[in-house]
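Breakdown of the fold
If you want the building blocks of each chain, they are given just below.
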Amino acid sequence: MARLRDGKAPKDAYSPTIDSLARSFNQEIALAYMESYNMNTSPDKMVIARMESSGKTGARLQALAQQLSKAQSEKIYTEQYGNYTLQLLDLEELPARLFGSLFSGFEQSYVLQLDNYMIFSPDIASLRALIDDINAGEVWGRSVAQKSFLEETLQEGNFSLYLNTVNAWYILNRYVQEENREDLLQNSSLIRRFNQVSVQFARAENQYYTSVLFRRQERNTDGGQEGFEEELTIPFASRLISPPYPIQNAIDRSREVVVQDSMQVLHNITATGSRGWTDSLQTQVRGALQQVELGNDKRLRYVFATANRIQAIDNLGRNLEHFPFNVGDTLRLQRLAVFDFEKNRDYRFLVDDALGNLYMFDTRGNAIPGWQPRRMDYRLAATPQHVRVGGRDVILVLLENGYVYALNTKGETYPGFPFSLRVPITSEGVIRAGADLRRSVVTVVTRYGEVVEFNLQGQVVKREQLPRPSKSAMFDLVPDASGRSYIIVRQDQGKVAAFDQDLEELFEKRYVTSTPKIVQYFNFGGAIRYTPSPKPARRKHTYTVRMPA
């Protein structure tokens, strides 16, 4: 690893401490680029380095943190996220100074110790997402396709490059030289067909051997008119009154779906597409059905709101201890948000009513001060969202009349809020957390198709209008389950169109009926899957749309 350091790093008071820290890493280092969802933004990245001794590296890292703290007259910033500690080292280009200019592009570095590895990221949200993926089992070791691919690569190599051409398509488009862009686009089908690629060099007996692998991961062939594939149709005896709720199996955490019909029955659809359990609630779910780990066994439970209650059940439909609890007999709840501020399963349940009042409770049904109620000016447009920025918890609340609020955990308003978008909205936003409130950006779309970006200081930084062919055309922003990517949906007299994050049209589909459709978006990397169904419906249809070149 010492050979990677090219001597281009500046010499200053921090250099001896950084040199000492660099010597505590050995054997392995990786530069990882995260999947990007549009061409206009730089992809998130991480540096992952193996520590010779976690104790030695940790001590030297803290020595650098103390030196920075003293020089900048600021307290060392750390954040506890579940069982992990995230720490900020506010020093520009720290990975490049540690490992060489190949690892440049870090305005500041958040660090995470994970087993024998130290992980650096310029964005704390990326580290939180990594921890969430690990806790959910979304790792290479549990991916059949990724394990099969790695088994065909060299197990010992001095240099390895791994690339998934489907997941990296936007990155390839962003960084390809302009004179080569035409070749990239013309050969896009071939490039993405062999989507698992590795280039490796290995030294043996004073020689270097090269291994290049192009592997085609088995995928369903494209079919259907205009590139659509109807993958699954499930009929129900009674009309559906809910969208499909994506969940995980409480035992093995495989992907499943729950829907509710007009008889107030919840139906579970398993990962294989078969019918699972059913449960008669005798009441309608308001908003989304969510899952949290409740109880000593840390199993996933179902949490949701009904007209005036917050309910939590297990996978057999049994009520959990302390549930359900009444919010108020005269209230008409609209939706439920679940927050785990400290990632310690000390959940807070936030519900809103038809008048725009907010109520917050803990897992025992105790009311939280400042939220009984927290009165808003109008009805909510979407479920409140939580983000942590620089140690501050921010609860984003969007109202149907276009007003935007940013609240702390006590229900108090942050400076710069509320402010008005001056047009109505009916869907949630997507938050990209930055190092501070100014650099944390929220993207929303108004009912009339204007895409607005603002930061968490209440400053609008960008506005852009999508095509609106008629006055009846209405727009919603539809994020995926992780909240990391989204599409924008336009509905107009039975026609449903979707736009990507670059505001390019992905497709337009005409339906027989003009009733508004419930649209959900699932991003599995490189392909969009969306599920539209009428309100209400007897069936649901799932389509896959390959990302356009």
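In every chain, residue numbers begin from 1 and rise along the written sequence. For a predicted model such as this one, the threshold for reporting local features is a pLDDT of at least 70, and the threshold for listing and counting side-chain atom pairs is 80 or more; totals across whole chains, interfaces and linings nevertheless cover every residue. Hydrogens and water are ignored here; the side-chain numbers use all heavy atoms of the structure.

Description of the overall build of the protein
- We count a stretch as a helix when DSSP gives it H or I for four or more residues in a row; a strand needs E for two or more, and each element gets its number in order from the N terminus. From N to C terminus, the protein includes eight helices and 37 strands.
- Only the C-alpha atoms count toward the radius of gyration. The rule for a globule is 2.2 Å times the residue count to the power 0.38. In terms of C-alpha radius of gyration, the protein reaches 25 Å, essentially the compact-globule figure of 24 Å for 549 residues.
- Projected onto the principal axes, the alpha-carbon positions of the protein cover approximately 75 × 55 × 45 Å.
- Within the protein, the fraction of its 549 residues that count as buried is 47%.
- When checking whether two residues touch, look at their non-hydrogen atoms; a contact exists if any pair is within 4.5 Å. Intrachain contacts of the protein at a sequence separation of at least 6 include 46% that bridge at least 24 residues.
- All accessible-area figures derive from a Shrake-Rupley calculation using a 1.4 Å probe, and residue coverage is judged against the displayed protein chains alone. For the protein, the accessible surface area stands at approximately 27300 Å², while carbon and sulfur atoms represent 46% of it.
- Counting 66 positive and 64 negative side-chain charges, the protein places the centres of these two groups 3 Å from one another. Exposure is judged per residue with a 1.4 Å probe applied to protein chains only, and the accessible area is read against the type maximum: over 50% gives exposed, under 20% gives buried, and values in between give partly exposed. This count recognises Lys and Arg as positive and Asp and Glu as negative, with His and chain-terminal groups excluded. To locate a charge, take atom NZ for lysine, CZ for arginine, CG for aspartate or CD for glutamate.

Looking at the packing of aromatic side chains
- A pair of Phe, Tyr and Trp rings is counted when the ring centres sit within 6.5 Å of each other, with Trp represented by its six-membered ring. The angle between the planes then sorts it: under 30 degrees is stacked, over 60 is edge-to-face, the rest tilted. Taken as a whole and assessed by the stated rule, the structure comprises 14 aromatic pairs.
- Seen in terms of ring centroids, F99 and F120 are 6.0 Å apart; in terms of plane orientation they differ by 75 degrees. Their pairing is edge-to-face. Of this pair, F99 sits in helix α3 (residues 94-99) while F120 sits in strand β6 (residues 117-121), and the two are 21 residues apart along the sequence.
- Ring centres of F323 and F325 lie 5.1 Å apart, and the angle between their planes is 35 degrees; on these two criteria the pair is classed as tilted.

Regarding unusual backbone geometry
- The omega torsion across F323 and P324 is -10 degrees, close enough to zero to call that bond cis.
- Secondary-structure assignment places P324 in the loop between β17 (309-313) and β18 (325-326).
- Across the junction of F417 and P418, the peptide omega takes the value -5 degrees, indicating a cis bond.
- The topology assignment puts P418 in the loop between β25 (403-407) and β26 (419-420).

Quick notes on the pairing of strand β2 (residues 45-51)
- Taken across its seven residues, β2 has five buried, putting it largely inside the fold.
- Here the rule is simple: two strands pair whenever DSSP picks up at least two bridges between them. Strand direction decides the pairing type here: strand β1 (residues 25-33) and β2, joined by six bridges, are antiparallel. Paired with A30 across the two strands is I48, which belongs to β2.
- Pairing geometry for β2 and β6, over four bridges, is antiparallel. Bridging across to β6, V47 finds its partner in F120.

Observations regarding the confidence of the model for the protein
- Per-residue confidence from the prediction method is given by pLDDT, with values spanning 0 to 100. Looking at the protein as a whole, its pLDDT mean stands at 87, while 93% of the residues score no less than 70.
- Per-residue pLDDT, averaged within each element of the protein, yields its smallest value for strand β37 (residues 541-546) (51) and its largest for β25 (97).
- In this model residues 220-226 is a low-confidence stretch, pLDDT under 50, and it forms nine contacts with partners more than four residues away in sequence or in other chains.

Details of the sheet that holds strand β7 (residues 159-164)
- Taken in spatial order, the three strands make up an open sheet running β7-β8-β9, and their pairing is antiparallel. Each of the sheet's edge strands pairs with one partner strand only, and the pair in question is β7 and β9 (207-215). Recorded for the sheet is a direction-independent mean angle of 10 degrees between the axes of neighbouring strands.
- Bridge count for strand β8 (residues 196-204) against β9 is nine bridges, and the pairing is antiparallel. In the sheet register, Q200 faces β9, and the bridge partner there is S211. Helix axes are fitted only over the stretch in contact, all axes being lines through C-alpha atoms; the angle between N-to-C directions runs from 0 to 180 degrees.

Points about the sheet that holds strand β28 (residues 441-445)
- Strand order in the open sheet made by the four strands is β27-β28-β29-β30, with antiparallel pairing throughout. In this open sheet, the two edge strands, each paired with only one partner strand, are β27 (430-432) and β30 (460-465). Sheet twist, expressed as the mean angle between neighbouring strand axes with direction ignored, is 15 degrees.
- In terms of strand pairing, strand β29 (residues 450-455) meets β30 through five bridges, oriented antiparallel. Paired with V452 across the bridge in β30 is R463.

Quick notes on the packing of helix α1 (residues 15-22) against helix α2 (residues 54-72)
- At a minimum axis separation of 9 Å, α1 and α2 run at an interaxial angle of 160 degrees. In this view, α1 runs roughly antiparallel relative to α2, as classed from their interaxial angle. In the crossing of α1 with α2, the sense of the turn from one axis to the other is left-handed. Contacts between α1 and α2 involve T17, I18, S20 and L21 from the first element and T57, R60, L61, A63, L64 and Q67 from the second.
- A per-class count over the contact of α1 with α2 returns five nonpolar, four polar and one charged. Convention used here: angles under 35 degrees read as roughly parallel, angles over 145 as roughly antiparallel, angles from 65 to 115 as roughly perpendicular, and any remaining angle as oblique. For any helix crossing, the convention is left-handed if the near helix is rotated counterclockwise from the far helix by under a right angle, and right-handed if that rotation is clockwise. By the convention adopted, Pro, Cys, Tyr, Trp, Phe, Met, Ile, Leu, Val and Ala count as nonpolar, Lys, Arg, Asp and Glu as charged, and the other residues, Gly among them, as polar.

Some words on α1
- Of all eight residues in α1, six are buried, a share of seventy percent or more.
- For α1, the complete set of buried residues consists of S15, T17, I18, S20, L21 and A22.
- Where α1 is buried, its residues contact β1, α2 and α3.

Side note on helix α4 (residues 124-135)
- What a helix should span is 1.5 Å times the count of its residues minus one. An ideal rise of 1.5 Å per residue puts 16 Å on twelve residues; α4 measures up with 17 Å between its terminal C-alpha atoms.
- Residues of α4 that are buried in the fold lie against β2, β3 (78-81), β4 (84-89), β5 (109-114), β6 and β23 (385-389).
- We call two N or O atoms a polar contact when they sit within 3.5 Å, provided that within protein one can donate a hydrogen and the other can accept it, with sequence-adjacent residues counted only if both atoms are side-chain atoms. N-cap assignment for α4: the residue whose side-chain oxygen lies 3.0 Å from the backbone N of A125 is D123.
- Looking at the residues trailing α4, positive phi occurs at G137, about 80 degrees.

Concerning the environment of L300
- Note on placement: L300 falls in strand β16 (residues 299-305).
- Once the C-alpha coordinates of L300 and D314 are considered, the two residues, 14 residues apart in sequence, prove to be 7.6 Å apart.
- Not counting the four nearest positions on each side in its chain, L300 is found in contact with Q248, N249, A250, R253, Q291, V292 and E293.

Considerations on the pattern of salt bridges
- Salt bridge criterion: a side-chain nitrogen from Lys or Arg within 4 Å of a carboxyl oxygen from Asp or Glu. Overall, the coordinates contain 21 salt bridges when judged by the stated rule.
- Its salt-bridge partner being E342, residue R388 comes within 3.1 Å of it at the nearest N-O pair. Here E342 lies in the loop between β19 (333-339) and β20 (348-353) and R388 lies in strand β23, a separation of 46 residues in the sequence.
- For R388, a relative accessible area of 9% corresponds to the buried category.
- Of the charged contacts in the structure, one is a salt bridge between D436 and R439, with a shortest N-O distance of 3.0 Å.
- Since its relative accessible area comes to 30%, R439 is described here as partly exposed.
- Via salt bridges that share partners, E107, D436 and R439 belong to a single interconnected network.

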